[in-house]
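Remarks on the overall topology
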Amino acid sequence: MHDAVKSGKNILLEGQLGSLKDPDFGIYPFTTSSSTLAGYGAVGAGVPPYEIKEIITVVKAYSSAVGAGAFVSEIFGDEADELRNRGGDGGEYGATTGRPRRVGWLDCVASRYGCRVQGATQVAFTVLDVLGYLDEIPVCVGYEVDGKVIKDFPTTGLLNKAKPVLTTLPGWKTDIRGIKKYEDLPENCRKYIEFVEKELEVPIKIVSNGPAREDIIMR
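Let us look at the structure shown here. (Residues numbered from 1 in each chain as written. Predicted model: local features only at pLDDT ≥ 70, side-chain atom pairs only at ≥ 80, totals over all residues. Heavy atoms only, no water.)

Some points on the pairing of strand β8 (residues 204-208)
Each regular strand carries side chains that alternate between the two faces of the sheet. Most of β8 is tucked away: four of the five residues are buried. With three bridges connecting them, strand β4 (residues 122-126) and β8 associate as parallel partners. Within β8, the position partnered with V123 by the bridge is I204. Where β8 meets strand β9 (residues 216-218), three bridges bridge the pair, whose relative direction is antiparallel. (Buried < 20%, exposed > 50% of the residue type's maximum accessible area, 1.4 Å probe, protein only. Helix = DSSP H or I, 4+ residues; strand = E, 2+ residues; numbered from the N terminus. Pairing = 2+ DSSP bridges.)

Next comes the structure, spelled out in structure tokens:
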């Protein structure tokens, strides 16, 4: 790794699990045992921290979760079943256990916080094609806690009392798989991306519109 850094090679480090599974910055105790943040990539890989120039945070176009813990934008019943069955690559079910994942609308409060603690320089926005069946798409833009609306991700005690503040955006009602250029996406689809980008405060430079490796749009 030292030789690769010294010779100017590009090095790609890939982290597993999301920001909220981090033992320090996540929703404790529903976390993993080691840090999931990009800053720890330097430690794990043995490269100087100042050599990490780009941090690409992956954000799904809707939310999902495995296991217990607060999930403010979670949905239930038939609405959740339809999103779960359409989501992911063959449905939002555990890869090993087959257990149904919890699903909900995109939580911009949690996602913005995740981008901040990662130090994100850009976002890869994924599974956008999944939302093509919806007439309208709710997005969580704030939390209501004790009658007050907050925009910053709170401590766990307050998080457990939080209710979602939703904004509804018009859907695009079409299949966007196969589209290669950003400007060829439906107008409402582009508006959804740009709305989320403003909420996250990080540029969305990569858009995934399908499960295949080549289903990628670069902005």
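Moving on from the coordinates now.
Some thoughts on the sheet that holds strand β1 (residues 56-60)
Overall, mixed pairing links the four strands, which are arranged β1-β4-β8-β9 in an open sheet. Both outer strands of the open sheet, β1 and β9, are each paired with one neighbouring strand and no more. The mean inter-strand angle of the sheet, taken between neighbouring strand axes irrespective of direction, is 25 degrees. In terms of strand pairing, β1 meets β4 through five bridges, oriented parallel. Its bridge partner being in β4, I56 is matched across the sheet by Q122. (Axes fitted to C-alpha atoms, helices over the stretch in contact; angles between N-to-C directions.)

Some words on the packing of aromatic side chains
Counting across every chain of the model gives four aromatic pairs. With 4.8 Å between their ring centres and 20 degrees between their planes, Y113 and F153 make a pair best called stacked. Of this pair, Y113 sits in helix α4 (residues 108-118) while F153 sits in the loop between β6 (148-150) and α5 (156-159); the two residues are 40 residues apart in sequence, bridging distant segments of the chain. Residue class for F153 comes out buried when judged on its relative accessible area of 17%. In this structure an aromatic cluster arises from ring pairing among Y113, Y143 and F153. The ring of Y182 carries R219 above its face, with NZ or CZ at 4.4 Å from the centroid. (Phe/Tyr/Trp six-rings, centres within 6.5 Å; stacked < 30°, edge-to-face > 60°. Lys NZ or Arg CZ within 6 Å of the ring centre and 35° of its normal.)

Quick word on the sheet that holds strand β7 (residues 163-170)
In spatial order, the strands read β6-β5-β7; together these three strands make up an open sheet with antiparallel pairing. Every interior strand has two partners, whereas the edge strands, β6 and β7, have only one. Taken over all neighbouring pairs, the strand axes of this sheet differ in orientation by 45 degrees on average, direction set aside. Of the strand pairs in this sheet, strand β5 (residues 136-145) and β6 are connected by three bridges, and their pairing is antiparallel. Residue pairing in the sheet places Y143 in a bridge with I150 of β6. Its contacts with the sheet put helix α6 (residues 187-200) on β5 and β7, and the angle it makes with β5 is roughly 20 degrees. (Contact = heavy atoms within 4.5 Å.)

Comments concerning the environment of K198
Positionally, K198 belongs in helix α6. The sequence separation of K198 and R101 amounts to 97 residues, and the corresponding C-alpha distance is 28 Å.

A closer look at α4
Where burial is concerned, most of α4 is hidden: nine out of the eleven residues are buried. Along α4, the residues that are buried comprise C108, V109, A110, S111, R112, Y113, G114, C115 and Q118. Where the residues of α4 are buried, they touch β1, β4, β5 and α6. If you check the start of α4, you find a side-chain oxygen 3.0 Å away from the backbone N of V109, and it comes from D107. A positive backbone phi angle near 75 degrees is found at G119, which sits one or two residues after α4. (Polar contact = N/O pair within 3.5 Å; in protein donor to acceptor, adjacent residues only side chain to side chain.)

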